[in-house]
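Read off the chains here:
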Amino acid sequence: MKKILTIFSLFCSAFALTAGPSLEDAFDLYAPNGNSTHIGIWISGELGSNRVSLAKGKNPMKVPDEKGELLQADPSGCETKYCFLGFHGGEANRAFNLHGSVGVAKNKWTRIVVTFTPRKTGKVRFSMGGGGGRKHYPDKTLYKYSNLVFRRFAGLTCENTKFNDPKFTRAKSWNTSTWWHFRAIKAEVITDPECPEKRCFRAVNTLSQVIPVTADKMVTIIFYYRSDDCFDAKM
């Protein structure tokens, strides 16, 4: 019996060494640093061999669309902001990548609107959020931990494309940022009484999906966003 207990003890010790840092360790390595009051949007048409070039969209809150109508105010009372997308890296990249960002009020739900026009039928990657920065050691090498940035999303609607789980009810429907150091920190669906949908998707840094597009048909994507907590990686 004593021999069995000794073997079990050694096994547990070995498992503890290979299990990796715990969630408690993560909080020991990070410090609070405000809120995620800026959100970035990326559209990438460079997905394998079927490359889709992109044209900038237009602000439906100021410029009439093809029907001659302006985007109406949000019925839930949230402020609406248009995220203008410019060519990421300059127009010399043949417009395969668009990027833009917009600031929002702290801890308040905002309706975000983004538009773009594909020049070819195919698929593109739509990403929203934004990563945390990484600090440098005095010798200029990168610190191994990136900052943790939490963000909240809800109620996505769109025209001329299609998303899986646009209501954000299933965390696994979206590609989300992950930390191999701390796998316990994951995206999740949570309740939020202030959200127009009453529940939302709380993600770390960035989430994305590959979506279908049709040549020359302007895509409009509208969703709700709210800032959350940011944590700086400690040195």
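As the structure is a computational prediction, the values presented were derived from the model and not from experiment.

1. So, the pattern of salt bridges
Then, in step 1: Evaluated as defined, the whole model comprises eight salt bridges.
Then, in step 2: Between R111 and D74 there is a salt bridge, with the nearest N and O atoms lying 4.0 Å from each other. Pair noted here: R111 is in strand β7 (residues 110-118) and D74 is in the loop between β3 (54-56) and β4 (79-82), with a separation of 37 residues, a long-range link. For the pair formed by R111 and D74, the shared burial category is buried.
Then, in step 3: D192 is the partner of R226 in a salt bridge, and the nearest nitrogen-oxygen pair spans 3.5 Å. Taken together, the positions of R226 in strand β14 (residues 219-233) and D192 in the loop between β11 (188-191) and β12 (199-204) put the pair 34 residues apart, joining distant regions of the chain. Accessibility classification places R226 together with D192 in one group, the buried group.
Then, in step 4: One network of salt bridges, with partners in common, ties together R152, D192, R202, R226 and D228.

2. Quick notes on the pairing of strand β6 (residues 97-103)
Then, in step 1: Examined bridge by bridge, strand β2 (residues 38-44) and β6 share seven bridges and lie antiparallel to one another. Across the sheet, residue W42 finds its bridge partner in β6, namely H99.

3. Focus on the nonpolar core
Then, in step 1: Residues I41, F116, F126, M128, I221 and F223 are the most contacted members of the largest nonpolar core, which totals 33 residues.
Then, in step 2: For this core, the secondary-structure elements that each account for two or more residues are β2, β6, β7, β8 (122-129), β9 (148-159), β12, β13 (207-213) and β14.
Then, in step 3: No other element matches the four residues that β14 contributes to this core.
Then, in step 4: In this structure, M128 is in contact with I39, G40, I41, W42, F153, L156, F168, W174, N205, T206, L207 and F223, ignoring residues within four places of it in sequence.

4. Quick word on the environment of M61
Then, in step 1: Structurally, M61 can be placed in the loop between β3 and β4.
Then, in step 2: Separated by 11 residues in the primary sequence, M61 and Q72 have C-alpha atoms spaced 7.4 Å apart.

5. Let's talk about the side chain of Q209
Then, in step 1: Looking at where Q209 falls in the secondary structure, it is placed in strand β13.
Then, in step 2: A polar atom in the side chain of Q209 sits 3.3 Å from the backbone oxygen of S173.
Then, in step 3: Here Q209 is in contact with V124, R125, F126, F163, N164, S173, W174 and N175, once residues within four sequence places are set aside.

6. Remarks on the environment of R125
Then, in step 1: Tracing the chain through its elements places R125 in strand β8.
Then, in step 2: Using a relative accessible area of 27% as the deciding quantity, one classes R125 as partly exposed.
Then, in step 3: Non-local contacts of R125, meaning those with residues more than four positions away in its chain, are made with W42, I43, S44, L47, N175, S208, Q209 and V210.
Then, in step 4: Within the structure, the side chain of R125 is placed 3.0 Å from the side chain of S208, a separation counted as a polar contact.

7. Here's the deal with the sheet that holds β8
Then, in step 1: The six strands are arranged β5-β6-β2-β8-β13-β10 in an open sheet whose pairing can be described as antiparallel. With partners counted over all chains shown, the strands left at the sheet margins are β5 (86-87) and β10 (175-176), one partner each.
Then, in step 2: One ladder, built from two bridges, connects β10 with β13; its direction is antiparallel. Residue pairing for β13: T176 is matched across the bridge by L207.

8. Looking at unusual backbone geometry
Then, in step 1: You will see that N107, though not glycine, has its phi angle at about 60 degrees, which is positive.
Then, in step 2: Within the secondary structure layout, N107 lies in the loop between β6 and β7.
Then, in step 3: The phi dihedral of N160 is positive, around 65 degrees, even though this residue is not glycine.
Then, in step 4: Within the secondary structure, N160 is located in the loop between β9 and β10.
Then, in step 5: N160 sits in the partly exposed class, given a relative accessible area of 38%.

Thresholds, definitions, all that
- Residues numbered from 1 in each chain as written.
- Predicted model: local features only at pLDDT ≥ 70, side-chain atom pairs only at ≥ 80, totals over all residues.
- Heavy atoms only, no water.
- Salt bridge = Lys/Arg side-chain N within 4 Å of Asp/Glu carboxyl O.
- Helix = DSSP H or I, 4+ residues; strand = E, 2+ residues; numbered from the N terminus.
- Buried < 20%, exposed > 50% of the residue type's maximum accessible area, 1.4 Å probe, protein only.
- Pairing = 2+ DSSP bridges.
- Core = buried A, V, L, I, M, F, W, Y, C linked by side-chain atoms within 4.5 Å.
- Contact = heavy atoms within 4.5 Å.
- Polar contact = N/O pair within 3.5 Å; in protein donor to acceptor, adjacent residues only side chain to side chain.

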